[in-house]
Amino acid sequence: MIVLKDYKDDLFDFILSSNSLNEPQVGFLDREKLQSLLNQSNYCKVAFYNDEPAGFLLCLPQDIDYGSLNYKWVSERYSNFMYIDRISVIEKFQNAKIGTALYTDLAYFSTENGYDIILCEVNIMPPNPGSIRFHKKFDFVECGSQFTEGRTKEVQFFYKECNR
């Protein structure tokens, strides 16, 4: 059974570890950067599968102090958004509907809290075809791309309008 729990400080080490296990699909985090993201997040939940932490989803609102080029790209083009900064699912729980549970909850939360749009990016160089399929399954639509890290990485941006 999947249960979602709001972030609490005792889950910090799990989030840091889960993120690390899923690099490079999710960006690197150290303790300080994670704490900064958590302090500014407007949504952070941890998914438990049969009482074991299995994954997490962390989102950010507009108008925060965040040096990410991808967040900057989104902020220059959109307002009143939920920005999916990172989602991570531990390998042994992948394909157990953890991501589906987190995204379903995020869509509900976003609508209930009056957000207009949910945005994210997915690596296309190096490729992450599983993530692209996952986002398209949730009706996310492509809305742009950019190169980062000295043109060694390219991301595709996706959006989904919140239903009201």
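Residues numbered from 1 in each chain as written. Predicted model: local features only at pLDDT ≥ 70, side-chain atom pairs only at ≥ 80, totals over all residues. Heavy atoms only, no water.

### Comments concerning the packing of helix α4 (residues 98-112) against helix α5 (residues 129-137)
Argument step 1. With their axes 11 Å apart at the nearest point, α4 and α5 run at an angle of 45° to one another. Taken together, α4 and α5 sit at an angle that is classed as oblique. The chirality of how α4 crosses α5 is right-handed. Taken together, the residues of α5 that come into contact with α4 (itself represented by Gly99, Thr100 and Tyr103) are Phe134, His135 and Lys137. (Axes fitted to C-alpha atoms, helices over the stretch in contact; angles between N-to-C directions. Helix = DSSP H or I, 4+ residues; strand = E, 2+ residues; numbered from the N terminus. Parallel < 35°, antiparallel > 145°, perpendicular 65-115°, else oblique. Left-handed = near helix turned anticlockwise from the far one by under 90°. Contact = heavy atoms within 4.5 Å.)

### Looking at the sheet that holds strand β4 (residues 81-89)
Argument step 1. Strands sit in the order β1-β2-β3-β4-β5-β7-β6 across an open sheet of seven strands; the sheet is mixed. Each edge of the sheet is formed by a strand with only one pairing partner; in this case those strands are β1 (2-6) and β6 (141-148). Strand-to-strand twist of the sheet, defined as the mean angle between neighbouring strand axes without regard to direction, takes the value 30°.
Argument step 2. Relative to strand β2 (residues 43-49), β1 runs antiparallel, the two sharing five bridges. Bridge pairing links Val3 to Phe48 in β2.
Argument step 3. Strand contacts of helix α1 (residues 12-21): β2, β3 (52-60) and β4, with the helix running at about 85° to β3, the strand carrying the most contacts.
Argument step 4. Here α5 sits on the sheet in contact with β5 (117-125), β6 and β7 (153-161), set at roughly 155° to β5. (Pairing = 2+ DSSP bridges.)

### Things to note about the pairing of β5
Argument step 1. Here β5 lies mainly inside the structure; seven of its nine residues are buried.
Argument step 2. Note that β4 and β5 share three bridges and pair parallel. Residue pairing across strands places Tyr83 opposite Leu119, the latter belonging to β5.
Argument step 3. Since β4 and β5 lie parallel, the crossover through α4 that links them has a hand, and here it is right-handed.
Argument step 4. Where β5 lies against β7, eight bridges are found, and the strand directions are antiparallel. Bridged to Cys120 within β7 is Phe158. (Buried < 20%, exposed > 50% of the residue type's maximum accessible area, 1.4 Å probe, protein only. Right-handed = clockwise from strand over helix to strand, strands pointing away.)

### Some points on the packing of α1 against helix α2 (residues 31-40)
Argument step 1. Interaxial distance between α1 and α2 falls to 11 Å at its minimum, and their mutual angle equals 115°. Relative to α2, the element α1 is oriented roughly perpendicular. In this structure, the crossing between α1 and α2 has a hand that is right-handed. Contacts between α1 and α2 involve Phe12, Asp13, Ile15 and Leu16 from the first element and Arg31, Leu34, Gln35 and Leu38 from the second.
Argument step 2. Class assignment for the residues of the contact of α1 with α2 results in five nonpolar, one polar and two charged. (Nonpolar A, V, L, I, M, F, W, Y, C, P; charged D, E, K, R; others polar.)

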